[in-house]
Amino acid sequence: MNIPLPDFWIAYFFLFWVLVGLTATPVVLRHKGYAGWLGALAGLGVGVIGGAVFMLLLVVLDPITDSLDRPFLGAVISILGGAAIILVLLNVLKNFVPVSGGGIQAVGGPRTPVAYSTRVDKVDPTWQAMQAVRASVVIMLAALTLIPVLWMSMTAFKSRADAVASPPKVIFEPTMEGFISLLTKRRQLNDEQIAEYEQRDDLAWYDEVMLERGQAIIGQSDYVKRLRNSLIIAGSSTILSVGLGLLAAYAFSRFNIPGEGDLLFFILSTRMLPPVVVTIPIFLMYREINLYDTYPGIILLYTAFNLSFSVWLLKGFIDEIPREYEEAALVDGYTRLQAFAKVVLPQAVTGIAATTVFSFIFAWNEYAFALMLTADNARTAPPSIPSVLGTGGIEWAAIAAGSLGFLIPVVLVTFALRRYLLRGVTFGAIRQG
Amino acid sequence: MKVAYRMNTLYSENSLISRFMFRLSNQIVAYLFMLPALLVFGLVAWYPVARSFQMSFQDVSLRGVSTWVGLDNFELMQRDPALDIVWENSLEFASWSILLGYLLPVFLAILIREMRIAKGFFRIVYFLPTVVPVSIAIIVWRFIYDPDAGFLNGLLGVFGIEAQRWLQDPALAKPSIVMVMTWGAFGTTTLIYLSSLQDISTELYEAAELDGASPINRIRHITIPHLAPMMSLLFVLQVLAVVQVFTEPFLLTKGGPGRETLTPVLHIYNRAFMRADMGYASAWSVMLVIVLMVFSIGYQLVNRKITKNQGA
C-alpha cells in the first residue's frame, strides 16, 4: 500500500485536531459534571469534526490567500487562520454545553476540591482546556521533529527497490538487506551460480537474504573498519579527556592558583574557536611528526576539544563536594593523591558520568576534524557515511542502516543520562552569563 | 598593648620562609594536577593558534619550507571577490537563523514547562536531533528537500503550490540550510531555556493571577524579563555558531548555487585543502578569529552597560 505525501500531511493536520478534541473536551465536560468516558467519546467526535472543518477552512481560505500572490505566506496564513477560527469556535461552543446535575458548580472554579499543589490560575477550566491544546501542539511538533529520524529508521529495513520508491512507501516488508549490504562486500552471481548456491545447505541467514538479490558475500566491507575506528577513537579520547579533566578540575577547585579565572577562560575559549583555524596548523604539524591519519593524532585532538568542556563541567561538580571530607582524610595521613582517589572520586561519580557521555557523543559524532585529518587508516564512520553515496549507485537502505546503527548507541546513552542533560547543556551558557 | 600584641603575632623571618615553602609546595601539587591537561591544550590548541598567526604572514609550502611574505596574504585577501560574498552570506545566514530559530526554543520551552505529565519524555524527544551526527542528518534532509518526491514539496502540494528546488534555487538555498541547522540545534537551546524557567518562583505567577493579569501579560511581564539575560547570551552564541558553519553547506550545496551558500569556513577549507594554499587560508582564519573576537567583546561591553543601567 502506498501513501502519497500530500495525504500524509492531511493526515498530520487531521490527527492534530483529533488530539486536541481528545484532550480538551474531557476537561470541559468534567467541569460540567459529566462522566469521564462520555468526555472521551465526545472528544473523539469533536476532534474528527474539528479536523474536517479545518480542511474545509483551508479550501475556503485558499482563494483569499492566493490573491496575496505570496504562496508561502499564504500557506502559513491559512494554517494559522484556520486553527484560530476553530479554537475560537470551540471556545464559544463550550459555553452551550448544559451543566449536568443541577448547576452546583461555582462560576470559573473547580468542581471538585483541588488536592494537589498547583498554581491558583491552573485550576480554571478554560486554562486547563487551553493546556490540553498546548500539549497537542507540543506532541505534534515532536512528531514533526522526529520525522527525519523515523524515516531513516524505516528506510534501514527496506529492500533496495522499496527504499527509492516514489512516493515513499509507509507500509513495506521489512528486510535486513540494508544492514547486510552495509557490512559486507558482495559479488554478483549468474543464474548457474545461483542454482549452485541454492543447493548448498551451509548458508547462514544473511547469505540467504543476499542470495535472493543474486549476490554472494565475499567479505567484510570497509565500513566495519570505520565503525571499529570510531569506537576506538571515541572511547579512548573520552577516557583521556575525563581523566585529565578530573585532575585539572580538582586543582582548580581546591587550590588557590594565581590567575585562575584567566586560565579557566583561556581553556574555555579553545572550545569557541572555529575548528578550521586549528586544523590547518595541526594538519601541517601532524604531517611533520607523522601523526596524520593515525589513532594517537585524532585521539589527542578530540581529547583537547573535550577537555575544555570536561574541566568546566567537572569543576562545578567537585565544587559541590564539601572540602571538609578531604581535609579530614589529609589529617588522617592520606596524601593528596590518595585523598583525591578515595574521597573525591567516589562522590563525583554523577559528574563523571555526565561528562563521559557528553564527551563520547562529541567524539562519536565529530565530522570536520575527521574529514580533514584522517584518510583511511584512522578514518571514523561519520565522514564515510556520505561517501558511501558515491560508490556504484546509491544504496539508500545501506546508508540508512549505517546511520541507524550509528545513532543507536548515542540515543541509548542520552536516554540513560536524561537527568543530567540540563546540566551538561547549560554549562557554557551559565558560566558565561 | 595593642601594638605589642600585633608585634607578637608577626611571623619571624624563619616562619615566613617556611610559610612560603609551604605555599610553593602546595602550588607545585596544583600544577602537577593540571600539567597533563595544560600539555594537551598547549600542543593541539594554543600552539596551533599561534602557528596560524605566524603562517598568515608566510607562503607555506607543503614540503615544509616557508618564506616570510609580510602582508601579502592579507593584500591578496582584500582583492579576493569572495571576501564580500562570504560576509554578506554570513550576514544573511545569521538573519535567517535568528528569524527561523531564535524564538522557537523560547516558545517551546514555555509550552513544555506548562505541561504536567511527560515533561521528561519531551525533553528527550526534542533533544534527539542534537545527538544525530550532522553527516547523517544531512542525508535525511536531502530526502526532505528532494525536488521530485521530497516531504516539503508534498506539504506545498496540499496548498496547491508548485514544487520548489530547495537547494538549487538561489533564493531558497540559505533558508533551507538554516532549517537544517535549526533542527539540529534547537533542542539544546530549548533545554537551556527550560532550566532557566525552572528558577522563576511560583509566587510571582500567583501574585500576577491575583492582580488579574492575563496569561499573555504573565508571559510578557514575568517570563520574558526573566529569560532576557539568557536570550541575549544565546543570541550571541547563535550568531557565532552561524558564522562558523561548515558541515551543512559543505555536504548539502558545496557553497552553491554559484557562491550563494559559501561561508568563511568553507572558503578557508577550499583554499587550504583543495588548493593547498595554507598561508592564504591562515590569513583568512586570522581574520575570522578577529571578527568573532570583536563581536564577542562588543557584546560584552553592551551587555555590561545594560546591566549597569538596570542596577542604577
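Not measured: the values here are computed from a predicted model.

### Observations regarding the packing of helix α10 (residues 260–272) of chain A against helix α12 (residues 295–319) of chain A
Residue and element names in this part refer to chain A.
(1) Moving on: Running from amino to carboxyl end, α10 crosses α12 at an angle of 135°, the nearest separation of the two axes being 7 Å. Here α10 is positioned oblique relative to α12, judged by the angle of their axes. With respect to the hand of their crossing, α10 and α12 are arranged in left-handed fashion. Contacts from Glu260, Leu264, Phe265, Ile267, Leu268, Thr270 and Arg271 of α10 reach α12 at Phe305, Asn306, Ser308, Phe309, Val311, Trp312 and Lys315.

### Examining the environment of A:Thr25
All names here are of chain A.
(1) Moving on: Relative to the helices and strands, Thr25 is located in helix α1 (residues 5–31).
(2) Moving on: Residue classification places Thr25 among the buried positions, given a relative accessible area of 13%.
(3) Moving on: A C-alpha to C-alpha distance of 4.9 Å links Thr25 and Gly43, two positions 18 residues apart in sequence.
(4) Moving on: With residues up to four places along the chain from it excluded, the contact list for Thr25 reads Val20, Gly39, Ala42, Gly43 and Val46.

### A word on the domain arrangement of chain B
(1) Moving on: Its domain assignment divides chain B into domain 1 (2–55) and domain 2 (73–311).
(2) Moving on: A C-alpha centroid distance of 41 Å is found between domain 1 of chain B and domain 2 of chain B.

### What to know about the domain arrangement of chain A
Much of the literature gives interface size as the accessible area that the parts lose upon coming together.
Residue and element names in this part refer to chain A.
(1) Moving on: In terms of domain boundaries, chain A breaks down into domain 1 (7–99 + 123–156), domain 2 (177–221) and domain 3 (224–426).
(2) Moving on: Here the C-alpha centre of domain 3 lies 40 Å away from the C-alpha centre of domain 2.
(3) Moving on: Contacts between the two partners involve 9 residues from domain 2 and, on the opposite side, 8 residues from domain 3.
(4) Moving on: Of all residues in domain 2, Gly178, Phe179 and Leu182 bury the most surface against domain 3, accounting for 52% of the area lost on that side.
(5) Moving on: At the boundary of domain 2 with domain 3, the tally comes to 0 salt bridges.
(6) Moving on: Taken together, domain 2 and domain 3 are joined by 0 residue pairs in polar contact (both at pLDDT 80 or more).
(7) Moving on: Among the elements that line the side of domain 2 that touches domain 3, the one with the most residues is helix α6 (residues 177–183), at 5 residues.
(8) Moving on: By residue class, the composition of the side of domain 2 that touches domain 3 is 3 nonpolar, 4 polar and 2 charged.

### Some words on the interface of chain B and chain A
(1) Moving on: Taken residue by residue, the interface counts 90 residues in chain B and 105 residues in chain A.
(2) Moving on: Both faces considered, chain B and chain A share a buried interface measuring about 9,000 Å² in area, 82% of it formed by carbon and sulfur atoms.
(3) Moving on: Looking only at chain B, the three residues that lose the most surface to chain A are B:Phe33, B:Phe151 and B:Phe159, adding up to 9% of its buried area.
(4) Moving on: Linking chain B to chain A there are 1 salt bridge.
(5) Moving on: A salt bridge links A:Glu288 to B:Arg51, with the nearest nitrogen and oxygen atoms 3.6 Å apart.
(6) Moving on: No other element matches helix α2 (residues 13–55) of chain B, which puts 21 residues into the side of chain B that touches chain A.
(7) Moving on: Tallied by class, the residues present in the side of chain B that touches chain A amount to 67 nonpolar, 15 polar and 8 charged.

### Things to note about the packing of aromatic side chains
The description of two aromatic rings rests on the distance between their centres and on the angle between their planes.
(1) Moving on: Counted by the stated rule, this structure contains 29 aromatic pairs over all chains.
(2) Moving on: Relative to A:Phe54, the ring of A:Trp17 lies with its centre 5.7 Å away and its plane at 45°, an arrangement referred to as tilted. Placement of A:Trp17 in helix α1 and of A:Phe54 in helix α2 (residues 36–66) is noted, with a sequence separation of 37 residues between them. Side by side, A:Trp17 and A:Phe54 carry an identical accessibility label, which is buried.
(3) Moving on: Of the aromatic side chains, those joined through ring pairs into one cluster are A:Phe283, A:Tyr292, A:Tyr367, B:Phe246, B:Phe250, B:Tyr269 and B:Phe273.

### Description of the pattern of salt bridges
Residues and elements named next belong to chain A.
(1) Moving on: Taken as a whole and judged by the stated rule, the model has 8 salt bridges over all chains.
(2) Moving on: One salt bridge connects Arg226 with Asp376, and the closest N-O pair in it is separated by 3.0 Å. Of the two residues, Arg226 sits in helix α9 (residues 222–254) while Asp376 sits in the loop between α16 (368–373) and α17 (381–387), which places them 150 residues apart along the sequence.
(3) Moving on: Classification of Arg226 by relative accessible area gives buried; the value is 9%.
(4) Moving on: For Asp376, a relative accessible area of 39% gives the class partly exposed.

Cut-off values and rules
- Residues numbered from 1 in each chain as written.
- Chains lettered and ligands numbered in written order.
- Predicted model: local features only at pLDDT ≥ 70, side-chain atom pairs only at ≥ 80, totals over all residues.
- Heavy atoms only, no water.
- Axes fitted to C-alpha atoms, helices over the stretch in contact; angles between N-to-C directions.
- Helix = DSSP H or I, 4+ residues; strand = E, 2+ residues; numbered from the N terminus.
- Parallel < 35°, antiparallel > 145°, perpendicular 65-115°, else oblique.
- Left-handed = near helix turned anticlockwise from the far one by under 90°.
- Contact = heavy atoms within 4.5 Å.
- Buried < 20%, exposed > 50% of the residue type's maximum accessible area, 1.4 Å probe, protein only.
- Domains from an automatic or database assignment.
- Buried area = accessible area lost by both parts, 1.4 Å probe.
- Salt bridge = Lys/Arg side-chain N within 4 Å of Asp/Glu carboxyl O.
- Polar contact = N/O pair within 3.5 Å; in protein donor to acceptor, adjacent residues only side chain to side chain.
- Nonpolar A, V, L, I, M, F, W, Y, C, P; charged D, E, K, R; others polar.
- Phe/Tyr/Trp six-rings, centres within 6.5 Å; stacked < 30°, edge-to-face > 60°.

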